[in-house]
Number of protein chains: 2
Amino acid sequence: MARIAGSDGEVTRSEIRKVSLALFAQCGFAAVSMRQIASQVGVQASAIYQYYPNKQQILVSLLQNHMDGLLKACHEELTANDPVERLEQFARFHIRYNINRPDEVFLSYMELRSLEPEGFAAIAALRSKYETILKSILREGDKSGVMKVDDPHVSAMAILAMLTGVNTWYRSGGRLSQKKIENIYASMVLKSQGIVTETTDKEEVTHV
Amino acid sequence: MARIAGSDGEVTRSEIRKVSLALFAQCGFAAVSMRQIASQVGVQASAIYQYYPNKQQILVSLLQNHMDGLLKACHEELTANDPVERLEQFARFHIRYNINRPDEVFLSYMELRSLEPEGFAAIAALRSKYETILKSILREGDKSGVMKVDDPHVSAMAILAMLTGVNTWYRSGGRLSQKKIENIYASMVLKSQGIVTETTDKEEVTHV
DNA sequence: ATATTAATTTAACGAACGTTCATTTAATTA
DNA sequence: TAATTAAATGAACGTTCGTTAAATTAATAT
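Residues numbered from 1 in each chain as written. Chains lettered and ligands numbered in written order. Predicted model: local features only at pLDDT ≥ 70, side-chain atom pairs only at ≥ 80, totals over all residues.

1. Let's talk about the overall build of chain A
Right, so step 1: The helix and strand inventory of chain A stands at ten helices and zero strands.
Right, so step 2: Referenced to the eigenvectors of the C-alpha coordinate spread, the extents of chain A come out at roughly 70 × 40 × 30 Å.
Right, so step 3: Classification of the 208 residues of chain A by burial places 38% in the buried group.
Right, so step 4: Within chain A, residue pairs in contact and separated by at least 24 positions form 65% of the contacts whose partners lie at least 6 positions apart. (Helix = DSSP H or I, 4+ residues; strand = E, 2+ residues; numbered from the N terminus. Buried ≥ 20, exposed ≤ 12 C-beta atoms within 10 Å, placed from the backbone. Contact = placed C-beta atoms within 7 Å.)

2. Concerning the protein's contact with DNA strand C
Right, so step 1: Taken together, 27 residues surround DNA strand C, and among them Ala2, Arg3, Ser33 and Asn54 of chain A together with Gly9 of chain B come closest.
Right, so step 2: Breaking the surface near DNA strand C down by element, the ones donating at least two residues are helix 2 (34–41) and helix 3 (45–48) of chain A together with helix 1 (9–27) of chain B.
Right, so step 3: If you tally residues by element for the surface near DNA strand C, the top one is helix 2 of chain A, at three residues.
Right, so step 4: For the surface near DNA strand C, a count of residues per class yields eleven nonpolar, eleven polar and five charged. (Near = placed C-beta within 6 Å. Nonpolar A, V, L, I, M, F, W, Y, C, P; charged D, E, K, R; others polar.)

3. Section: the protein's contact with DNA strand D
Right, so step 1: With respect to spatial proximity, 27 residues lie near DNA strand D, and among them Gly9 and Ser46 of chain A together with Ala2, Arg3 and Ser33 of chain B are the closest.
Right, so step 2: Of all the elements in the fold, those that place two or more residues in the surface near DNA strand D are helix 1 (9–27) and helix 3 of chain A together with helix 2 (34–41) of chain B.
Right, so step 3: Looking at the surface near DNA strand D, the element that brings in the most residues is helix 2 of chain B, giving three residues.
Right, so step 4: In the surface near DNA strand D, the residues fall into eleven nonpolar, eleven polar and five charged.

4. Examining the interface of chain A and chain B
One frequently used descriptor of interface size is the decrease in accessible area upon assembly of the parts.
Right, so step 1: Across the contact, 29 residues belong to chain A and 31 residues belong to chain B.
Right, so step 2: Mapped by element, the contributors of at least two residues to the side of chain A that touches chain B are helix 1, helix 8 (152–164), helix 9 (166–169) and helix 10 (178–192) of chain A.
Right, so step 3: It is helix 10 of chain A that contributes the most residues to the side of chain A that touches chain B, seven residues altogether.
Right, so step 4: Among the residues making up the side of chain A that touches chain B, the classes are represented as 14 nonpolar, eight polar and seven charged.

5. A closer look at helix 4 (residues 55–77) of chain A
All names here are of chain A.
Right, so step 1: The terminal C-alpha atoms of helix 4 lie 34 Å apart, and with 23 residues this matches the ideal 33 Å at 1.5 Å per residue to within 8%.
Right, so step 2: Residues Ile58, Leu59, Val60, Leu62, Leu63, His66, Met67 and Leu70 constitute the buried set of helix 4.
Right, so step 3: Tucked inside the fold, the buried residues of helix 4 contact helix 1, helix 5 (83–99), helix 6 (102–110) and helix 7 (117–143). (Expected span 1.5 Å × (residues − 1).)

6. Description of the relation of the copies chain A and chain B
Right, so step 1: The operation relating chain A to chain B is a screw motion whose rotation component is 180 degrees, with 0.0 Å of axial translation and a residual RMSD of 0.1 Å. Expressed as a symmetry operation, the mapping of one chain copy onto the other fits a two-fold axis.
Right, so step 2: Both copies present the same face, since 100% of the interface residues in chain A are matched by interface residues at the equivalent positions in chain B. (Least-squares fit on C-alpha atoms with pLDDT ≥ 70 in both.)

7. Focus: the nonpolar core
Right, so step 1: One finds Ala158 and Tyr185 of chain A together with Ala158 and Tyr185 of chain B to be the most contacted residues of the largest nonpolar core, which totals 55 residues.
Right, so step 2: Secondary structure elements with two or more residues in this core: helix 5, helix 7, helix 8 and helix 10 of chain A together with helix 4 (83–99), helix 6 (117–143), helix 7 (152–164) and helix 9 (178–192) of chain B.
Right, so step 3: Look past the residues within four positions of alanine 158 of chain A in its chain and what remains in contact with it is Met162, Gly165, Tyr185 and Met188 of chain B.
Right, so step 4: Ala25, Ile48, Leu62 and Met67 of chain A belong to the second-largest nonpolar core, a separate cluster that totals 20 residues. (Core = buried A, V, L, I, M, F, W, Y, C linked by C-beta atoms within 7 Å.)

8. Description of the environment of methionine 67 of chain A
All names here are of chain A.
Right, so step 1: Within the fold, methionine 67 resides in helix 4.
Right, so step 2: Along the primary structure methionine 67 and alanine 125 are separated by 58 residues, whereas in three dimensions their C-alpha atoms are 9.9 Å apart.
Right, so step 3: Once residues within four sequence positions are removed from consideration, methionine 67 is found in contact with Ser108, Ile123, Leu126 and Arg127.

9. Here's the deal with the packing of helix 1 of chain A against helix 4 of chain A
Residues and elements named next belong to chain A.
Right, so step 1: At a minimum axis distance of 10 Å, the contact between helix 1 and helix 4 shows a crossing angle of 90 degrees. As the angle between them shows, helix 1 and helix 4 are arranged roughly perpendicular. Residues Arg17, Ser20, Leu21 and Phe24 of helix 1 touch helix 4, and the partners they reach there are Ile58, Leu59 and Leu62.
Right, so step 2: Per-class residue counts for the contact of helix 1 with helix 4 are five nonpolar, one polar and one charged. (Axes fitted to C-alpha atoms, helices over the stretch in contact; angles between N-to-C directions. Parallel < 35°, antiparallel > 145°, perpendicular 65-115°, else oblique.)

10. What about helix 5 of chain A?
Right, so step 1: In this model helix 5 of chain A runs 24 Å from its N-terminal to its C-terminal C-alpha over 17 residues, within 8% of the 24 Å that 1.5 Å per residue would give.
Right, so step 2: The buried fraction of helix 5 of chain A amounts to 13 of the 17 residues, a majority that puts the element mostly inside the structure.

11. Re the confidence of the model for chain A
Right, so step 1: Residues of chain A with pLDDT of at least 70 account for 94%, and the chain-wide mean is 92.
Right, so step 2: Across residues 199–208 of chain A the pLDDT falls below 50, and counting only partners more than four positions away or on other chains, this stretch makes 19 contacts in the model. (pLDDT = per-residue confidence, 0-100.)

12. Some remarks on the environment of glutamate 116 of chain A
All names here are of chain A.
Right, so step 1: By the element assignment, glutamate 116 lies in the loop between helix 6 and helix 7.
Right, so step 2: For glutamate 116, a count of 11 C-beta atoms within 10 Å gives the class exposed.
Right, so step 3: When the C-alpha positions of glutamate 116 and glutamine 56 are compared, they lie 8.1 Å apart, and in sequence the two are 60 residues distant.

13. Section: the packing of helix 3 (residues 55–77) of chain B against helix 5 (residues 102–110) of chain B
Residue and element names in this part refer to chain B.
Right, so step 1: Look at helix 3 against helix 5: their axes get within 10 Å of each other, and the N-to-C directions meet at 110 degrees. Classified by the angle between their axes, helix 3 and helix 5 sit roughly perpendicular to one another. For the pair helix 3 and helix 5, the crossing hand works out as left-handed. Together, Leu62, Leu63, His66 and Met67 of helix 3 and Glu104, Leu107 and Ser108 of helix 5 make up the contact between the two elements.
Right, so step 2: Residue classes in the contact of helix 3 with helix 5 are distributed as four nonpolar, two polar and one charged. (Left-handed = near helix turned anticlockwise from the far one by under 90°.)

Structure follows, in structure tokens:
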């Protein structure tokens, strides 16, 4: 046998991406074999090389894609000028974007170490770009006196870790709605930077 | 050749632990081979089986050991009765304990997935125990009105993620001292749960 | 001095790894 | 209809994997 009736390169390519993402996130990059990916796609391992030159490039492509999407969506959503509003927009965006992409996020944070220097530098640069967006908000908020930011770098790292951490426990269909979770995290982020809001989520936060 | 002059089982065992920890954290459990560990220890791969029945048990033992130490140290350090003081003690303890054990922490959060069901259950139970300590503090603080905790579970997860995140950026000998970092994080944690402190770290926090 | 135990080696097992290559068939183009 | 391109197969490459077994030497106990 060779080419299969009805086979389509674009379909196979996206299946490879989908399956690789799930497997890498579940088992770790090194633990997943090309044969394992191929088997779930429904093809032989050698067929994957029609689409990616090697295993490493599948990972690079997945991470690149995720970071590009994150940055693009972030720029579109951060519309406010006021730093407090911007910080709330950022917090809500980060939760909303990441909570529905647990595998991509997990990979982005865990498998940078599996990248060879070239791929690593590319992804690290994109991440740094994203972090800079948050740091700028914090710096401006502190400067104008509406926030109390001890150290913008530490605050940015703390906020990002806190928000990204939602993926360690959230499972869809759980006790809390995504909107509710967004509210809770946004409120904690603002408070952590010395912004006093009169209401808590119990009375519905309506800051943005 | 066989037994080497001056060889000592206890020394070899602790070398295996040390090397495995570093390699697992750096490359991921699946990516590290027994021969790689052995080579860094200075023995042949087969010698490792004198001390651990298989690769998996090395990981289980490392994680078990870390969680035991964490829980023990935590109980010793949380001496206060007041929930606000206890929360600050917890935050400071978590930073202090974890910042000097980056490899153990990384492993504990990343390689649970590499564990077979039995080992997984054991480690997950210990982690849950630790999380419960924090949740109890938050519940008490909210009940007595000194904190504003929207949801104790979400707050606990958020605080732990934020604090643990210090290991993603901290490197010893950096711009900030460990004490300073402890201060900043403790302040953010307290504020995030609606606790108002008059001073910021800029004027030295002296809550505990 | 002898027997035993501790610590390690060398050699080997079958299985799985990422990847390459020549081949085969389906779909498209000329 | 013939030629070309796209999509896949199956076999094979050399390497490495975790693990086991038997043999060997050092240290300790009798």
